[in-house]
Amino acid sequence: MIVMKFGGTSVEDAKAMRTVIEIVRREQNRRPIVVLSAISGATNILLQSARTAQEGKLDDAILLLNGLFDRHVTLMENLIDDRSANQQLIASFKPRFEELRNLCRGIAILGERTNRSLNAIASVGELLSSQILSEAIRDQGLPVKCVDARSFMITDSQFVSAVPQFDQINTKTKEILAPLIASNVIVVTQGFIGSNAQGITTTLGRGGSDYTASIIGASLDAEEIQIWTDVNGVLTSDPRIAPAAQKLRMISFREAAELAYFGAKVLHPSTIFPAVKKNIPVVVLNSKRPENSGTRIVSNPPKTNVPVKSIACKRGITVVNVQSLRMLMAYGFLESIFSVFNKYATSVDLVSTSEVAVSLTIDNTSKLDKIAAELSTFAEVSILEKQGIICIVGDQMRSTAGVADQIFHALREINLVMISQGASEINMSLVIDESQVDEAVRRLHKHFFESIPSTDLFEPVGEK
Ligand code: ADP
Ligand code: ASP
Ligand code: MG
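A brief report on the enclosed structure follows. Small disclaimer: the values here were computed from a predicted structure and weren't measured. (Residues numbered from 1 in each chain as written. Chains lettered and ligands numbered in written order. Predicted model: local features only at pLDDT ≥ 70, side-chain atom pairs only at ≥ 80, totals over all residues. Heavy atoms only, no water.)

1. Quick notes on the site of ligand 2
So the rule is basically this: If even one non-hydrogen atom of a residue comes within 4 Å of a molecule or strand, that residue is called near it. Counted as a polar contact is a pair of N or O atoms within 3.5 Å, where, for protein atoms, one must be capable of donating a hydrogen and the other of accepting one, and residues adjacent in sequence contribute only when both atoms are in side chains. Note on areas: Shrake-Rupley, 1.4 Å probe, and residue coverage restricted to the protein chains presented here.
Every residue near ligand 2 is listed here: Ser-37, Thr-43, Glu-126, Phe-192, Arg-206, Gly-207, Gly-208 and Ser-209. Gly-207 is positioned such that a nitrogen or oxygen atom in its backbone is 2.8 Å from an oxygen atom of ligand 2. Separating an oxygen atom of ligand 2 from a backbone N or O atom of Gly-208 is a distance of 3.4 Å. Computed on the free molecule, ligand 2 has an accessible area of 260 Å², of which 86% lies beneath the protein chains in the complex.

Spelled out as structure tokens, the structure:
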């Protein structure tokens, strides 16, 4: 079987959904499980309605919801010919939207939105899009079943960044999804959403549909996990920053994982991990150009002579500097620092150390006050906000001399706050002021990709 995940822009309107159906039909013999995102922008609107309600602007929140309802109705009417199926779908959407309005009323009254209520609201986008797509597939005469992901995507109770419970998911997917695909039914399900042990809706974090796809793929030993999006594959950079970005034909799991972790939005940061465990290729494809071969992410792609493959970046980074002369030559300093971050469940991305100081970067600052106060009991702490990370990735970086020199040369006018060669030796990460991130990416991109003769690795974005 294969998993086919379609992102928001792949299901933004009736035309896009029709293309999706064609793509799925082509793969029908490979027993697809289709994982769907909300239609483009829907999750943002849903979350915005909750925010607006919290600000006491209930009428505006309801207007946002009504606009979203209308968008879904228009989509259905342009997509599904069967009038009575359409009417039934609209009838089933009405109570969902009534519930959304009620949730917003509750938020407006309390002036507070909990993560639990945010999930209840955010999850509706995927529920609507998947219902529409499966009805449209049925309308085309194909065997299809829409399965509620909350029946098998069991997570813990960290509502907005829930952690999947793999053992339970393995059992449930085998019980619920496997028999359907075995009887050649196309399964349509929602990305992003799950439920905790009590059956309460959770979500896997923004962009989490990619993660859903790879979890399903790994639990059912898929032959391939396809991530259909709005670009030709994994590119040498975010094309919104470096428009000359080129497609990579093949990269390794490790390269993709680093890129995703350090901000390449094309893949949710956790997507690669389940695929690696089962050695399942992840293929990133463009639903607007289905004929393009996309990017294959595999365990050991053929070696190339290209040291740098791609540049990712992340904004909103905070650097925490921890210094203590008392710690000179003493052991246990690092342990005492990390135990504080551990206690407040805040993950650290980059670390660099000297004899008496440690610099760390974090992107979740919700517990920063507490962390700083606790670190201050044994060290001097200074905080640097509004920083960005640039991450330069390539499997062959470790065996190529002079790459760091080229990086520093390309960025010679930019102040580097931190430098870290990833322990995996396939990346180098730099911390710079957030305002210089775009400029730094463009300079590096120009140096590494815009002046070299194109090789087999690359393919210009404009091609095909
Ligand atoms: P989807 O809705 O399909 O999940 P996303 O918007 O989450 O799509 O991810 C696709 C976008 O990721 C692209 O449109 C592109 O702007 C951005 N992106 C950032 N870095 C990269 C990269 N290295 N390669 C490809 N796309 C990237
Ligand atoms: N719809 C969700 C989001 O916008 C999940 C996804 O698209 O992957 O974050
Ligand atoms: Mg995405």
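2. Considerations on the sheet that holds strand β4 (residues 186-190)
Heads up, the rule is: Here, a strand pair is defined by DSSP locating no fewer than two bridges between the strands. Per the convention used, a helix needs a DSSP run of H or I reaching at least four residues, while a strand needs a run of E reaching at least two, with both numbered from the N terminus. A fitted line through C-alpha atoms serves as each axis, taken over the contacting stretch for helices, and the angle formed by two N-to-C directions is quoted from 0 to 180°.
Strand order in the open sheet formed by 8 strands is β3-β4-β2-β1-β7-β10-β11-β9, and the pairing between neighbours is mixed. The strands lining the two open edges of the sheet, one partner per strand, are β3 (144-147) and β9 (250-252). Averaged over all adjacent pairs, the angle separating strand axes in this sheet is 20°, with direction ignored. As paired elements, strand β7 (residues 224-229) and strand β10 (residues 282-286) share 5 bridges and run parallel to each other.

3. What to know about the pattern of salt bridges
Applied cut-off: Salt bridges are identified by distance alone: a Lys or Arg side-chain nitrogen within 4 Å of an Asp or Glu carboxyl oxygen. The rule is simple: take the accessible area with a 1.4 Å probe, protein chains only, and divide by the maximum for that residue type; under 20% is buried, over 50% is exposed, in between is partly exposed.
The full count for this structure, using the stated rule, is 22 salt bridges. Notably, a salt bridge pairs Asp-148 with Arg-150, separated by 2.8 Å at the nearest N-O pair. Look at Arg-150 and you get partly exposed, because its relative accessible area is 23%. A salt bridge links Lys-278 to Asp-221; the shortest N-O distance between them is 3.1 Å.

4. Description of the pairing of strand β12 (residues 310-323)
Taken across its 14 residues, β12 has 10 buried, putting it largely inside the fold. Of the strand pairs in this sheet, β12 and strand β14 (residues 357-362) are connected by 6 bridges, and their pairing is antiparallel. Counterpart to Asn-321 in the pairing with β14 is Ser-359.

5. Notes on the site of ligand 1
Threshold: Three residue categories are used. Nonpolar comprises Ala, Val, Leu, Ile, Met, Phe, Trp, Tyr, Cys and Pro, charged comprises Asp, Glu, Lys and Arg, and polar comprises the others, including Gly.
Around ligand 1, 17 residues are found, and the nearest of them are Lys-5, Thr-229, Asp-230, Leu-235 and Lys-265. Lys-5 has a polar side-chain atom sitting 3.0 Å from an oxygen atom of ligand 1. Between ligand 1 and the protein, one listed contact pairs an oxygen atom with a side-chain N or O atom of Asp-238 at 3.3 Å. When ligand 1 sits alone it has 570 Å² of accessible area, and the protein chains cover 89% of it. Looking at the shell around ligand 1 residue by residue, the class counts come to 7 nonpolar, 5 polar and 5 charged.

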